[in-house]
Amino acid sequence: MAPTHDANVAPEPGARGLGAAECGPAAGQAATPALEVRNLTLAWEDSETPTVSDVSLAVAPGEMVCLVGRSGCGKSTLFHGMAGLTTPVSGSVLLHGEDVTGRPGRVSYMLQKDLLLPQRTIMANVCLPLTLAGTPRAAAREKAEPLFERFGLNGTQDSYPSELSGGMRQRAALLRTYLMDNDVVLMDEPFSALDALTRQDMRSWFLSLVSDLGMSCVLVTHDVDEAVEMADRILVMGGNPTAGVPSGIVGEVDIDCARGQRAEWLLTPASLEAKREVLLLLG
Ligand SMILES: Nc1ncnc2c1ncn2[C@@H]1O[C@H](COP(=O)(O)OP(=O)(O)OP(=O)(O)O)[C@@H](O)[C@H]1O
C-alpha cells in the first residue's frame, strides 16, 4: 500500500498568504474547502494496481498549494481525477462542498502546453469554452474584453497564437481557464516550457493575479524552488506506480510567510529549511 499522509484538513484561511487572508472568513470560523479530495484511488484501465491510492487533501479558499513529486509518480493522474476526467476506483472530489466526482468541466485544469487553436484569434480562443457552453459570441467577448488588460494581453485580441510570445500564450490560456467562471484552478507545470526570465516574470505576475482574484490553485511543479517561492503549502507525492507501488501524499510543508513578503523571505535560512524539508520528503 502506498504511504499516505492526511492533508485533508484545509489550513485556517488567513493563516498565511495574501489571498487566503483576503478571501477567508473571520478567524476561527471553519470554512468549506474550495476543493476537497476524499480517499481518492485512481487506476488506469490497462494497469493491475492503482496509480494513486487513498489520497485526501483540501485546498482552502484563496490558497495556493504546490504539488511536487518525482516524474511518473502520478501527479497528472491525480489531476485527471480531481478534474473529473477519470472516474475513480473509490473516493470523491468536492468543489465548495458539492460532489463533482467524475464530472468534467467543474474544476478548471490548465496544462503545460497552452493548447490554443492556431487558426483562431486570441479573443476567439479565450472565449471558446464559453461559446461551446452555449454563451452567445457577443456576450462571451463582452465578458472577456475587460480582462485582457489585467492578464497583460491588451492589443492581442485579434492576433493569432503564433504571433504571441510563450508567456503571452500562457496568459491567454489562463484567461481562457479563468473565464470558465471557476475560482479553483489546477495547473500542471504551467511555466515549465518558458525560458528562465519569462518564467520568473510569470510567477510574480501569476501570484499577484491569484491574490487579486482570490483564486484557489493547485500547481504541479518539478521545481522545488518554484514551489517554495509560490506556495502557501507544499504537498509531496511519493510512490512508484510503475513498480506496482501506488502513490500517495507522503507529507506537507507549510510556507510560513505571506506572499507579499516572499522575495525577502527567500533570502532567509527559513526558506532553505523549507526546501530541505521538501527534498527530504522526496527522498
Ligand atoms: N493515459 C494513460 N494511460 C495509462 N497509463 C497512464 C496514462 N497516463 C499516465 N499513465 C501512467 O500513470 C503513471 C503516472 O503517470 P503520471 O503522468 O500521472 O505521472 P506524473 O507524476 O505526472 O509524471 P511527470 O512528472 O513525468 O509528468 C505512469 O506509470 C504512467 O505510465
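Values in this document were obtained by computation on a predicted structure and should not be read as measured data.

### Some remarks on the pairing of strand 3 (residues 64–69)
Thought 1: Strand 3 sits mainly inside the fold: 6 of its 6 residues count as buried.
Thought 2: In this structure, strand 3 lies alongside strand 8 (residues 216–220), joined through 4 bridges in parallel fashion. When the sheet's bridge partners are listed, methionine 64 is paired in strand 8 with cysteine 217.
Thought 3: Examined bridge by bridge, strand 3 and strand 9 (residues 233–240) share 5 bridges and lie parallel to one another.

### Here's the deal with the nonpolar core
Thought 1: Grouped together as the largest cluster of nonpolar side chains are 72 residues, with contacts concentrated most on Leu186 and Ile234.
Thought 2: Here this core spans two domains, since at least three of its residues come from each of domain 1 (32–107 + 190–282) and domain 2 (110–181).
Thought 3: In contact with leucine 186, not counting residues within four places along its chain, are Phe79, Met82, Ala83, Val107, Ser108, Tyr109, Met110 and Val218.

### Focus on the domain arrangement of the chain
It is common to give the size of an interface as the accessible area that goes away when the parts come together.
Thought 1: Here the domain parsing of the chain yields domain 1 (32–107 + 190–282) and domain 2 (110–181).
Thought 2: Using only C-alpha atoms to locate each centre, domain 1 and domain 2 end up separated by 25 Å.
Thought 3: Facing 8 residues of domain 1, the contacting portion of domain 2 comprises 7 residues.
Thought 4: Tallied by class, the residues present in the side of domain 1 that touches domain 2 amount to 5 nonpolar, 2 polar and 1 charged.

### Focus on the packing of helix 3 (residues 122–132) against helix 4 (residues 137–144)
Thought 1: In the contact formed by helix 3 and helix 4, the axes pass within 9 Å of each other and the chain directions differ by 120°. Note that helix 3 runs across helix 4; the crossing there is right-handed. Along its contact with helix 3, which presents Met123, Val126, Cys127, Leu130 and Thr131, the element helix 4 presents Arg137, Ala140, Arg141, Lys143 and Ala144.
Thought 2: Split into classes, the residues belonging to the contact of helix 3 with helix 4 amount to 6 nonpolar, 1 polar and 3 charged.

### Notes on helix 6 (residues 166–178)
Thought 1: Given a rise of 1.5 Å per residue, 13 residues ought to cover 18 Å, and the 18 Å separating the end C-alpha atoms of helix 6 matches this to within 8%.
Thought 2: Across the 13 residues that make up helix 6, a large majority, 10, are buried.
Thought 3: All of the buried residues along helix 6 are Arg169, Gln170, Arg171, Ala172, Ala173, Leu174, Leu175, Arg176, Thr177 and Tyr178.
Thought 4: On the buried face of helix 6, the contacting elements are strand 6 (108–110), helix 3, helix 5 (147–150), strand 7 (184–188) and helix 7 (196–213).

### Some details on the packing of helix 6 against helix 7
Thought 1: Packing of helix 6 against helix 7 leaves a shortest axis separation of 10 Å and a crossing angle of 30°. The angle between helix 6 and helix 7 places the two elements in the roughly parallel class. Like other packed secondary-structure pairs, helix 6 and helix 7 cross with a definite hand, here right-handed. Between helix 6, through Gly166, Gly167 and Gln170, and helix 7, the contact on the second element is made entirely by Thr198, Asp201 and Met202.
Thought 2: Looking at the contact of helix 6 with helix 7 residue by residue, the classes come out as 1 nonpolar, 4 polar and 1 charged.

### Describing unusual backbone geometry
In most cases, non-glycine residues show a negative phi, while peptide bonds are predominantly trans.
Thought 1: Within the chain, asparagine 39 stands out as a residue other than glycine whose phi angle is a positive 50°.
Thought 2: Note that asparagine 39 resides in strand 1 (residues 35–42).
Thought 3: Within the chain, histidine 96 stands out as a residue other than glycine whose phi angle is a positive 45°.
Thought 4: Turning to its location among the elements, histidine 96 is positioned in the loop between strand 4 (90–95) and strand 5 (98–99).

### Quick notes on the site of the ligand
Thought 1: Surveying the vicinity of the ligand reveals 13 residues, the closest of which are Trp44, Ser71, Lys75, Ser76 and Thr77.
Thought 2: With 3 residues, the top contributor of residues to the shell around the ligand is helix 2 (residues 75–82).
Thought 3: Looking at the shell around the ligand, its residues break down into 3 nonpolar, 8 polar and 2 charged.

### Some details on the confidence of the model for the chain
In low-pLDDT regions, the fine details of the predicted coordinates are not to be read closely.
Thought 1: In this model, the chain carries an average pLDDT of 86, and 88% of its residues clear a pLDDT of 70 or more.
Thought 2: The secondary-structure element of the chain with the lowest mean pLDDT is helix 1 (residues 18–23), recorded at 37, while strand 1 shows the highest, at 97.
Thought 3: Below a pLDDT of 50 lies the segment residues 12–28, which in the model reaches 49 contacts outside its immediate sequence neighbourhood of four places, other chains included.
Thought 4: Two numbers describe this predicted complex: its pTM, 0.84, and its ipTM, 0.96.

What counts, and where the lines are drawn
- Residues numbered from 1 in each chain as written.
- Predicted model: local features only at pLDDT ≥ 70, side-chain atom pairs only at ≥ 80, totals over all residues.
- Buried ≥ 20, exposed ≤ 12 C-beta atoms within 10 Å, placed from the backbone.
- Helix = DSSP H or I, 4+ residues; strand = E, 2+ residues; numbered from the N terminus.
- Pairing = 2+ DSSP bridges.
- Core = buried A, V, L, I, M, F, W, Y, C linked by C-beta atoms within 7 Å.
- Domains from an automatic or database assignment.
- Contact = placed C-beta atoms within 7 Å.
- Nonpolar A, V, L, I, M, F, W, Y, C, P; charged D, E, K, R; others polar.
- Axes fitted to C-alpha atoms, helices over the stretch in contact; angles between N-to-C directions.
- Left-handed = near helix turned anticlockwise from the far one by under 90°.
- Expected span 1.5 Å × (residues − 1).
- Parallel < 35°, antiparallel > 145°, perpendicular 65-115°, else oblique.
- Near = placed C-beta within 6 Å.
- pLDDT = per-residue confidence, 0-100.

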